[in-house]
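What follows is each chain in one-letter form.
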Amino acid sequence: MSILGFFKKNANLATQVEKETMAEIPVQRGTAISKRVELDSHNENSIRNCYIAFDVETTGLSPISDRIVEIGATIFQNGIVQRVFSSLVNPGISISQSASAVNHITNSMLNSAPSEKEVYSQLVDFLGDALCGGIVMCAHNAKFDFDFLCNTLSRLGFNANIEYIDTLSLSRKYLHGLENYKQSTVENYFGLTNPSSHRAASDAENCGHILYRLLDVASESLKIEKRQLEQSKPNLQELEVCAFIQNVISQKGGDTTLLRFRKNSSGYVDVCCLYTFLKVKFAKKGAYILIRSNCPATENYVTELCTQSEGGTDYIRVYFSSPFDLEPLSEYIYKAFFNCYESMEKYASYSNYRRREIENSIRFMCALTNEEVSSLLNEIKEHNYAPITISVANERQISCDDVVIHAVYNRVPLSEIRNADNWDKGFKMGFPHWEKGEDERKKGNLVLAIELFDKARLNGYAAPALYTSYALAYRQLKDYSNEIVILDEGIARMPDQASAWSARRTKAISLLLAQQEKERIAAEKLKRQAEKVAQKETAVSVPKKPRGRAILQMDDSGNVIKEFDSIAAAVQEVGVSSKSIRDAANGVQKRAGGYHWMYKT
């Protein structure tokens, strides 16, 4: 070998080594993730306008160890196909016989297919905005397809943040009575044909048609959902308070990303971070926020006890005029949020499924952007708020001293209750009676229900549910005395329930006071009516004092024929007009009715 040949051989060898070395350099891994989104009234129209249906065929079931062998993607606009992407992919590994039996893709077909690098470069261009969540994608049993897609994109160095809708889940939600929810079954339901089932392009296109038909099926439900969403949105006055609360949390460093507001069916505005941690209400009496009764920052506020549904004696109503009046409660507000946020994070930390569940649960609640908060706070500054009415501040809390409690019942004394020292036996013997009683109470058979509750109590059933059922039954019967007495017993036996039951007891006392006041007013009215009747009867027995002057009826000789108490009495008997009799008595005329008339002196 010549020297020239030696160097040429070494140069070729170096080039070969360089190529092999370059081939071994790993591609920097990308980050491609996907997230399932739910169809709702917010995204319905944008999905109708444009979405991309997607499907893959694979060598197996694992998105990590298996590979995609065929990709199909179809862009839809208003339900009409616009563009199609379809390609086999040479994955660099063999396809199993079981997979090939399903999709009819063979290794010989894949050997001549383009490489992953070539196909995915084209696919990324085709998907465009869908890779950053700008266009929603869809697939049937979509997690399978997008797990494969994201794993492959990441492996090849691509980044993506895909949002997708699963037509399998939508079909289960909106199509009832199908034998199963395979794509082929749903296709048959909608009258779609699929000439190349289990091939990516054909399956993707049909999946897109399925989604558009499901949008039509879901349309009415989504309209109802939209109305409910509008009803649950706080009004402007309430949003001002929400903006103040959000600003307090933000100023103290809280993450308000998942902070939401919702007006519930009882008129309260729930302030939520998955869980509700504050409640605000604009009532006729005034606006108030529910705060724990042990909060020292409420000393300078007008406060009022809460109802049982508001939290009982554990909470108080704190009245305010302007949202800025709540400034002294800022520390309490932030602490309540922080505790709630920690609970939410703990719940979400167990799995991605739980985090998605959180995101779905707050979809229909109101969120405020930083710009909206700033605008609302500026509006608050420009408002003139009416002061709190003094009647609230001076309202006296009623007690048992204000009412007469007269409870009549057949319950045995506590000392005669059976199984008092054996809770398990008491539960076993008494629970069936309570269960039957609760059923009767719900049917409206209140007296029978109370008899069954008495049996449950007699046999040793001592649970909060029993005393709550007792109280509900007595409230329905308007037997407030018995409600108060049974709640007193329940509080004495189960002090941990005192908060809720004390609020109910206070309400029962208030209702009893109103009832007894109504009875008192009715009794006084009857008394006055009886006195009036007695006065009338007395008046009948006493001769009536004559009205007017007495007058004498006389003949021409001046003899008195008859004496009348009044001219009216004479008119009634003689039949002569009162004017004629009066004129005759006054000398204006001589006679009236053929008689002389003269007033009796």
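Look above for the structure.
Residues numbered from 1 in each chain as written. Predicted model: local features only at pLDDT ≥ 70, side-chain atom pairs only at ≥ 80, totals over all residues. Heavy atoms only, no water.

### Quick notes on the pattern of salt bridges
Put simply, the test is: The working definition used for a salt bridge is a side-chain nitrogen of Lys or Arg within 4 Å of a carboxyl oxygen of Asp or Glu. In DSSP terms, a helix is any run of H or I states spanning at least four residues, a strand is any run of E spanning at least two, and both are numbered starting from the N terminus. Note on exposure labels: buried denotes an accessible area under 20% of the residue type's maximum, exposed denotes more than 50%, and partly exposed covers the range between, all computed with a 1.4 Å probe on protein chains only.
This structure, assessed with the given rule, holds 26 salt bridges. The residue Arg155 makes a salt bridge to Glu116 at a minimum N-O spacing of 2.9 Å. With Arg155 in helix H6 (residues 142-155) and Glu116 in helix H5 (residues 116-127), this pair connects stretches of sequence that are 39 residues apart. Note on Arg155: relative accessible area 23%, which makes it partly exposed.

### Comments concerning the sheet that holds strand S6 (residues 160-166)
Counted only if it meets this: Any two strands between which DSSP finds at least two bridges are classified as paired. Only C-alpha atoms enter the line fits that serve as axes; for helices the fit covers just the stretch in contact. Angles between N-to-C directions range over 0 to 180 degrees. Contacts are residue-level and defined by heavy atoms, with any inter-residue pair within 4.5 Å sufficient.
The six strands are arranged S1-S6-S5-S2-S3-S4 in an open sheet whose pairing can be described as mixed. The strands lining the two open edges of the sheet, one partner per strand, are strand S1 (32-36) and strand S4 (80-88). Neighbour-to-neighbour, the strand axes of the sheet open up by a mean angle of 30°, direction not taken into account. Relative to S6, S1 runs parallel, the two sharing five bridges. Along S6, the bridge assignment pairs Ile33 with Asn161. Lying on the sheet, H6 is in contact with S1, strand S2 (51-58), strand S3 (68-77), strand S5 (137-139) and S6; it crosses S6 at an angle near 170°.

### Description of the pairing of strand S7 (residues 260-263)
Of the pairings in the sheet, the one linking S7 to strand S8 (residues 268-273) comprises four bridges and is antiparallel in character. Each bridged residue has a counterpart across the sheet, and for Arg262 the counterpart in S8 is Asp270. In this antiparallel pair of consecutive strands, S7 and S8, the connection spans four residues, and Gly267 shows a positive phi of 90°.

### Side note on the nonpolar core
Among soluble globular proteins, nonpolar side chains are generally buried collectively. Formally: Nonpolar cores are built from buried Ala, Val, Leu, Ile, Met, Phe, Trp, Tyr and Cys residues. Side-chain atoms within 4.5 Å join them into one set.
Ranked by size, the top nonpolar core spans 45 residues in total, and within it Phe277, Leu278, Ile289, Leu329 and Leu368 carry the most contacts. Secondary structure elements with two or more residues in this core: helix H10 (236-251), S8, strand S9 (275-282), strand S10 (287-292), strand S12 (315-320), helix H11 (330-348) and helix H13 (370-382). Among all residues touching Leu278, those that are not within four sequence positions of it are Ile245, Val269, Asp270, Val271, Ile289, Leu290, Ile291, Tyr332 and Ile333. If you look at the next biggest cluster of nonpolar residues, it comprises 31 residues, including Phe85, Val89, Ala139 and Ile162.

Without other data, these values stay purely geometric and don't point to any function.
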